Amino acid sequence: MLNAPWINRLRELPWLVILTIAALGGFGLVILYSAAGGHFAPWATSQGVRFGVLMTAMLVLSQVNSRLWLRYAYWFYGIVLLALIAVEVFGQISGGSQRWLDLGIIRLQPSEFMKLAIILALARYYHNLPRPFIGTLNALWPALLMIGMPAALVMLQPDLGTALSIVFGGVVMMFLSGVSIWLFIGGVVAAGAAMPVVWSMLHDYQRKRVLIFMDPETDPLGAGYHITQSKIAIGSGGIFGKGYLQGTQSHLDYLPELHTDFIFATMSEEWGLAGGLFILIGFGIVLGWAINVALTSRAMFSRLTAMGLAATLFFYLAINMMMVMGLAPVVGIPLPLISYGGSAMMTVMILLGIVMSIARQRDADLLDRGNDG
């Protein structure tokens, strides 16, 4: 009985990582309860249900044969790309942005799924590409096209944060696959030369975010209000915080978006540096595990997918925390597993489920070979 297949499958799961994910999600519910003034509604209850469902989905995805991620990577990418085009044609407008597809029973944000699709598609591309051809120009343009098309569509929504996440994930995949460093240096130079064009393409509110990031004090009651109040909340928390349910910036409505983009500031005011370290250590465990999965995988697809997904999760964390501390412009990227919302949590849970799937059978007979030479 102890050797039953389902028992062995349970043993193969990374339980330390799963418990860490549960702890982070649970801590997020505690913060949302406080952000609502000590009430489960309107955020903690729905977030808890969502977290439970997605946690189950993550465990189900961990049992998927890793060959399937390779086999359907291009299909996944193509479907999400078509969904992004559909958003431009008849997507739902909310908050001044056109990012969602209303399917009646659910609203989907296809740009979130593209963060995963670009990783899987490029991992398959470089897995099948013979190693001697990786650095050639003929091998470079398909990858750039795969990155550029969805990034441009997302920018049209407009959603700068998600577009940057897609580009970041794609560039990381190219770097990890072995593309010459000189091409990246050339790309940085070209990007610098193109900055005036990019600046002209930004919407007025996006330009204002960049300018306010450089000097929030120029408009402390307007565009700089978010960053200013966030810094006050984080700084006033000190080492151990003001105490649970004792936050003033959040409870007196000084801190905007206290349950989504700026939830780290909400937490820091009540839990202080100790709470921040708990989140950092928790995600450090998850990221360390994902990187180890990548480093110990021998198949090119498995290595690239695990490392690319780890980089995507790191991008979420780094940008959100830098944003709330005034170290990056406000670009609307939530804190994974902590911020209120379904789209970002779904993306992260699928991401973790894929990495668990790869970890369980990371080589799978080297995924029928590929990238020889």
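Residues numbered from 1 in each chain as written. Predicted model: local features only at pLDDT ≥ 70, side-chain atom pairs only at ≥ 80, totals over all residues. Heavy atoms only, no water.

A. A look at the overall build of the chain. Secondary structure summary: the chain contains 16 helices and three strands in total. Within the span of the chain, comprising 373 residues, buried residues form 50% of the whole. A separation threshold of at least 6 residues defines the contact pool for the chain, and within that pool the share at least 24 residues apart is 73%. Split by element, the accessible area of the chain, about 17,100 Å² in all, is 70% carbon and sulfur. (Helix = DSSP H or I, 4+ residues; strand = E, 2+ residues; numbered from the N terminus. Buried < 20%, exposed > 50% of the residue type's maximum accessible area, 1.4 Å probe, protein only. Contact = heavy atoms within 4.5 Å. Areas by Shrake-Rupley, 256 points an atom, 1.4 Å probe, with all protein chains shown as cover.)

B. View of the nonpolar core. Of all hydrophobic cores here, the largest spans 101 residues; its most connected members are Ile21, Met114, Tyr126, Trp289, Met349 and Leu352. The element contributing the most residues to this core is helix α14 (residues 300–324), with 15 residues. (Core = buried A, V, L, I, M, F, W, Y, C linked by side-chain atoms within 4.5 Å.)

C. Representation of helix α8 (residues 160–177) in the model. Compared with an ideal rise of 1.5 Å per residue, which puts 18 residues at 26 Å, α8 spans 26 Å between its outermost C-alpha atoms and is within 8% of the ideal. For α8, the set of buried residues is Gly161, Thr162, Ala163, Ser165, Ile166, Gly169, Gly170, Val172, Met173, Met174 and Ser177. In the segment just after α8, glycine 178 is the residue with positive phi, at about 110 degrees. (Expected span 1.5 Å × (residues − 1).)

D. The arrangement of the packing of aromatic side chains in detail. For the structure shown, the criterion picks out six aromatic pairs. Here phenylalanine 27 and phenylalanine 278 contribute two aromatic rings whose centre-to-centre distance is 5.2 Å and whose plane-to-plane angle is 80 degrees, an arrangement assigned as edge-to-face. Of the two residues, phenylalanine 27 sits in helix α2 (residues 15–35) while phenylalanine 278 sits in helix α13 (residues 263–295), which places them 251 residues apart along the sequence. Here phenylalanine 278 falls in the partly exposed class, since its relative accessible area comes to 38%. These aromatic residues form a ring-pair network of at least three members: Phe27, Tyr244, Trp271 and Phe278. In this structure, arginine 50 is placed above the aromatic ring of tyrosine 340, and the distance from its NZ or CZ to the ring centre is 5.2 Å. (Phe/Tyr/Trp six-rings, centres within 6.5 Å; stacked < 30°, edge-to-face > 60°. Lys NZ or Arg CZ within 6 Å of the ring centre and 35° of its normal.)

E. Region of interest: the side chain of serine 111. The topology assignment puts serine 111 in helix α6 (residues 110–128). Here serine 111 is in contact with Leu84, Val154, Gln157, Asp159, Thr162 and Ile166, once residues within four sequence places are set aside.

F. Region of the structure containing the pattern of salt bridges. Applying the stated criterion to the full structure yields two salt bridges. With a shortest N-O distance of 3.1 Å, lysine 115 and glutamate 112 are connected by a salt bridge. One end of the pair, lysine 115, and the other, glutamate 112, are both in helix α6, three residues apart, so they sit about a helical turn from each other. The residues lysine 115 and glutamate 112 share a single accessibility class, namely buried. Glutamate 269 is the partner of lysine 242 in a salt bridge, and the nearest nitrogen-oxygen pair spans 2.9 Å. Pair noted here: lysine 242 is in the loop between α11 (225–237) and α12 (248–251) and glutamate 269 is in helix α13, with a separation of 27 residues, a long-range link. We classify lysine 242 as partly exposed; its relative accessible area is 34%. (Salt bridge = Lys/Arg side-chain N within 4 Å of Asp/Glu carboxyl O.)

G. Region of the structure containing helix α15 (residues 343–360). Taking 1.5 Å per residue as the helical rise, α15 with its 18 residues ought to reach 26 Å, and the 26 Å between its terminal C-alpha atoms agrees with that figure. Counting buried positions along α15 yields 16 of 18 residues, so the element is predominantly enclosed.

H. Quick peek at the packing of α2 against α15. With their axes 12 Å apart at the nearest point, α2 and α15 run at an angle of 175 degrees to one another. Taken together, α2 and α15 sit at an angle that is classed as roughly antiparallel. Here Val17, Ile18 and Ile21 of α2 come into contact with α15, specifically with Met349, Leu352 and Met356. Each residue belonging to the contact of α2 with α15 can be placed in one class, and the counts come to six nonpolar, no polar and no charged. (Axes fitted to C-alpha atoms, helices over the stretch in contact; angles between N-to-C directions. Parallel < 35°, antiparallel > 145°, perpendicular 65-115°, else oblique. Nonpolar A, V, L, I, M, F, W, Y, C, P; charged D, E, K, R; others polar.)

I. A look at the confidence of the model for the chain. A residue-level look at the chain finds 86% of positions with pLDDT of 70 or above and a mean pLDDT of 85. Averaged pLDDT values for the elements of the chain fall to 55 in helix α16 (residues 364–368) and rise to 96 in α2. (pLDDT = per-residue confidence, 0-100.)

J. A look at the environment of glutamine 157. Position of glutamine 157 among the secondary structure elements: in the loop between α7 (137–155) and α8. A sequence separation of 57 residues divides glutamine 157 from tryptophan 100, and the C-alpha atoms of the two residues are 9.3 Å apart.

K. Main features of the packing of α13 against α14. Interhelical geometry of α13 versus α14 gives an angle of 165 degrees and a closest axis separation of 9 Å. As far as their axial angle goes, α14 and α13 are roughly antiparallel. Seen along the crossing, α13 lies across α14 with a hand that is left-handed. Each of Phe264, Ile279, Leu280, Phe283, Val286, Leu287, Ala290, Ile291, Val293, Ala294 and Leu295 in α13 lies in contact with α14, whose residues at this interface are Arg303, Ala306, Met307, Ala310, Leu313, Phe314, Leu317, Asn320, Met321 and Val324. Among the residues making up the contact of α13 with α14, the classes are represented as 19 nonpolar, one polar and one charged. (Left-handed = near helix turned anticlockwise from the far one by under 90°.)

L. A look at unusual backbone geometry. Residue proline 42 follows alanine 41 across a cis peptide bond; omega there is 5 degrees. Structurally, the position occupied by proline 42 is in the loop between α2 and α3 (44–61). With phi around 70 degrees, leucine 337 is a residue other than glycine that occupies positive phi space. Mapped onto the fold, leucine 337 is located in the loop between α14 and α15.

M. Up close: the environment of leucine 295. Its place among the elements puts leucine 295 in helix α13. Remark: the alpha-carbon pair of leucine 295 and alanine 306, spanning eleven residues in sequence, is separated by 8.8 Å.

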